[in-house]
Amino acid sequence: MKSFTYERPSTPAQAAAAVAGTPDAKFIAGGTNLLDLMKLQIETPRHLVDVNGLGLDTVEPTAEGGLRIGALVRNTDLAAHPRVRKDYGVLSRALLAGASGQLRNKATTAGNLLQRTRCPYFYDTAQACNKRRPGSGCSALDGVNRQLAVIGGSDACIATHPGDMAVAMRVLDATVETVDAAGTERRIPIAEFHRLPGDAPERDTNLKPGELITAVTLPKPVAGTHIYRKVRDRASYAYALVSVAAILGKDGTGHVAFGGVAAKPWRDAAAEADLPKGAKAVTDRVFADAKPTPENAYKLKLAERTLGAALNQARA
Amino acid sequence: MVGATAAAPQDRGAGTSQTTARTDVPVLATVTFTVNGERRTLDLDTRTSLLDAAREHLHLTGSKKGCDHGQCGACTMIVDGRRINACLTLAIMHQGAEITTIEGLGQPDQLHPMQAAFVKHDGYQCGYCTPGQICSGVAVLEEIKAGIPSHVTVDLDAAPRVTEAEIRERMSGNICRCGAYSNIVEAMTEVAGGQA
Ligand SMILES: Cc1cc2nc3c(=O)[nH]c(=O)nc-3n(C[C@H](O)[C@H](O)[C@H](O)COP(=O)(O)OP(=O)(O)OC[C@H]3O[C@@H](n4cnc5c(N)ncnc54)[C@H](O)[C@@H]3O)c2cc1C
Ligand code: SF4
Ligand code: FES
Ligand code: FES
């Protein structure tokens, strides 16, 4: 790990100013992703701004009947929150399907959204990777890409967003709230938060340098059965190959987002009209533009079957 | 508040595509926390993980380093009542924290009930993962008592119960290369029964 200086400010404005005003500074929250990457020198910040002194750790009702989740709320606490369990079950389920009990106790709402890809070449500093070192090439295109994206990728990168929570937030139409060093606040719809790689895969999201996430808001609850189904190589403590976050009625109407398939949670709201026709009708439409590799083409069938299982679960 | 006491030189490098040279001057910071009931103050390189602080600086070598990347659970400690991976957190981020390691749960002449149950049920072979398993096991039973749901909890609105499926899912963050899993489940089940 490269050495770094450290500070722990007590207000969001100070934190944003500290990152904006110091070269190569980064926020650190739970540290479960950043420290992992720093040990491998994939991330090499010279200054860490610890956001754990900022508060921002409560879940509050909003005037619109939704919820405002502080950026520092731990994954365990969010999953266990009574309102989340009752009204946003898909979010509880997605969080509980991720990582381990120890990690969820540390992992924060903002840090989870910003976790980086698990592409094996991104993690191996001896390999070319445009996301880690822009312009160096992409080892995954002709390499081991079984876990990687089937849609929305580019010639520069086919990494996925590996997380579960964001997929549930996508189906819930969450909004990410931020503040920058100038005190300017911004509300970013979750659909526009993560970026597709294009020719700049080093940028995972549309956050600006030094922009601090303060909260994630959820609109008022959507009725229906809240379902998160995650398919992985082992029953627990593994990333999704494919996941489905859905809110479905008994008649099959509803909303669905897919995880493990792209650099962002994948949702095609227009295709949701086809849900009552069954899973295949929907996935044929959602993945019409998919460009899978020979190794990961299985994900298309898996997405269809996982959605099928979700539809059955909602009908039961 | 913890403050770093030395500034690393800001050599910005030439910005070439080659790896830019970077002198790495260690930065020291002071942190005070309570470990197993004892107040400790340490001057540490900011890079020191909580695990390394315990093992290398406090000589509490019960907590083990399996992977150093959050993938095995051998380093599990209980910090402010919550189990965490001590390898993926910086010691200096724990100013004022209450930390419990395996040494603080119990000692050979005064075993914690979970330690005693692991002995009774053979919840280990080589023992390397065991301190982490036991710290995790103690915290898992507390989590179930506190009503925190898990991936296998069927009804999110009901209080979770101590079942084999719940224990297995909740303990999935602790890998045992010797495969002592079924005996660990038995040990935890016995302790949970005793608590009920
Ligand atoms: C072994 C292992 C297995 C895992 N399995 C899963 C899994 O199955 N599913 C899953 O979803 N996740 C999984 N994870 C990832 C885990 O969920 C993330 O590491 C965690 O959510 C990151 O949160 P954090 O608070 O620790 O982030 P940190 O590591 O503290 O930060 C991550 C990034 O976010 C930035 N950041 C943090 N807070 C803010 C803020 N308020 N504003 C702006 N930027 C901020 C940091 O600068 C950093 O770049 C796993 C991790 C490990 C180690
Ligand atoms: S897919 Fe993206 S993250 Fe993986 S090697 Fe290619 S550029 Fe890097
Ligand atoms: S050493 Fe910390 S999880 Fe493996
Ligand atoms: S007892 Fe050997 S690793 Fe678990």
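Computed from a predicted model, the values in this text were never measured in an experiment.

A. Inspection of the overall build of chain B at higher detail. For chain B, the helix and strand inventory stands at six helices and five strands. For chain B, the sequential pattern of α-helices and β-strands runs β-β-α-β-β-β-α-α-α-α-α. When burial is assessed residue by residue, chain B has 51% of its 196 residues classed as buried. Total accessible area on chain B is roughly 9200 Å²; 51% of this is exposed by carbon and sulfur atoms.

B. Focus on the sheet that holds strand E7 (residues 185-189) of chain A. Residue and element names in this part refer to chain A. Read across the sheet, five strands follow the order E4-E5-E8-E6-E7 without closing on themselves; strand pairing throughout is antiparallel. Each edge of the sheet is formed by a strand with only one pairing partner; in this case those strands are strand E4 (59-61) and E7. On average, each strand axis in the sheet is inclined to that of its neighbour by 25 degrees, with strand direction left out of account. Note: strand E6 (residues 175-179) against E7, five bridges, orientation antiparallel.

C. Highlighting helix H5 (residues 89-96) of chain A. In terms of burial, H5(A) is largely enclosed, as eight of its eight residues are buried. Turning to H5(A), its buried residues number three or more, namely Gly89(A), Val90(A), Leu91(A), Ser92(A), Arg93(A), Ala94(A), Leu95(A) and Leu96(A).

D. Representation of the pattern of salt bridges in the model. All names here are of chain A. Enumeration according to the criterion identifies 33 salt bridges over all chains in this entry. For Glu177, the salt bridge identified is with Arg68, shortest N-O distance 2.7 Å. Taken together, the residues Glu177 in strand E6 and Arg68 in strand E5 (residues 67-70) connect sequence positions 109 residues apart. On the basis of relative accessible area, Glu177 is assigned to the buried category, the value being 11%. For Arg68, a relative accessible area of 34% corresponds to the partly exposed category. Here the salt bridges do not stand alone but share partners, grouping Lys26, Glu43, Arg116, Lys131 and Asp204 into one network.

E. Broad picture of the packing of helix H3 (residues 113-121) of chain B against helix H4 (residues 130-145) of chain B. Residues and elements named next belong to chain B. Where H3 meets H4, the axes come as close as 10 Å, and the angle between the chain directions of the two elements is 125 degrees. With respect to H4, the axis of H3 lies oblique. Viewed along their axes, H3 and H4 form a crossing whose handedness is right-handed. Of H4, the residues touching H3 (which contributes Met114, Gln115 and Phe118) are Thr130, Gln133, Ile134, Gly137, Val138 and Leu141. Partitioned by chemical class, the residues of the contact of H3 with H4 number five nonpolar, four polar and no charged.

F. Focus on the sheet that holds strand E2 (residues 38-45) of chain B. All names here are of chain B. What the five strands build is an open sheet, ordered E2-E1-E5-E3-E4; its pairing is mixed. Of all the strands in the sheet, the pair left with one neighbour each is E2 and strand E4 (82-85). Taking each pair of neighbouring strands and ignoring which way they run, the sheet shows an average axis angle of 40 degrees. Alignment of strand E3 (residues 76-79) against E4, held across four bridges, turns out to be antiparallel. Residue pairing in the sheet places Ile78 in a bridge with Arg83 of E4. With respect to the sheet, H4 is in contact with E3 and E4, its orientation differing from that of E3 by roughly 45 degrees.

G. Here's a closer look at unusual backbone geometry. All names here are of chain A. Of note, the phi angle at Ala99 is positive, near 55 degrees, even though the residue is not glycine. In this fold, Ala99 is placed in the loop between H5 and helix H6 (101-106). If you check the backbone angles, Asp173 has positive phi at about 55 degrees while not being a glycine. If you trace the backbone, Asp173 turns up in the loop between helix H9 (165-171) and E6.

H. Local environment of the nonpolar core. Among the nonpolar cores identified, the biggest contains 50 residues, and Leu91(A), Leu113(A) and Met169(A) are the most heavily contacted of them. Here this core gets six residues from one element, more than from any other, and that element is H9(A). Once residues lying within four places of it in the same chain are set aside, the contact partners of Met169(A) are Ile69(A), Leu91(A), Thr109(A), Leu113(A), Ala174(A), Ile190(A) and Val216(A). Judged by nonpolar contacts, the second largest core, of 34 residues, contains Leu35(A), Leu48(A), Val79(B) and Leu90(B).

I. Inspection of the site of ligand 1 at higher detail. Surrounding ligand 1, one finds 35 residues, the nearest of these being Phe27(A), Gly31(A), Thr32(A), Thr108(A) and Asp164(A). At the site occupied by ligand 1, the surrounding residues belong to chains A and B. The contact in question runs from an oxygen atom of ligand 1 to an N or O atom on the backbone of Leu34(A), over 2.7 Å. The contact in question runs from an oxygen atom of ligand 1 to an N or O atom on the side chain of Gln115(A), over 3.2 Å. Protein chains bury 96% of the 980 Å² of accessible surface belonging to ligand 1 in isolation. Those elements that provide at least two residues to the shell around ligand 1 are strand E2 (25-28), helix H7 (109-113) and strand E8 (212-218) of chain A.

Criteria and cut-off values
- Residues numbered from 1 in each chain as written.
- Chains lettered and ligands numbered in written order.
- Predicted model: local features only at pLDDT ≥ 70, side-chain atom pairs only at ≥ 80, totals over all residues.
- Heavy atoms only, no water.
- Helix = DSSP H or I, 4+ residues; strand = E, 2+ residues; numbered from the N terminus.
- Buried < 20%, exposed > 50% of the residue type's maximum accessible area, 1.4 Å probe, protein only.
- Areas by Shrake-Rupley, 256 points an atom, 1.4 Å probe, with all protein chains shown as cover.
- Pairing = 2+ DSSP bridges.
- Axes fitted to C-alpha atoms, helices over the stretch in contact; angles between N-to-C directions.
- Salt bridge = Lys/Arg side-chain N within 4 Å of Asp/Glu carboxyl O.
- Parallel < 35°, antiparallel > 145°, perpendicular 65-115°, else oblique.
- Left-handed = near helix turned anticlockwise from the far one by under 90°.
- Contact = heavy atoms within 4.5 Å.
- Nonpolar A, V, L, I, M, F, W, Y, C, P; charged D, E, K, R; others polar.
- Core = buried A, V, L, I, M, F, W, Y, C linked by side-chain atoms within 4.5 Å.
- Near = heavy atom within 4 Å.
- Polar contact = N/O pair within 3.5 Å; in protein donor to acceptor, adjacent residues only side chain to side chain.

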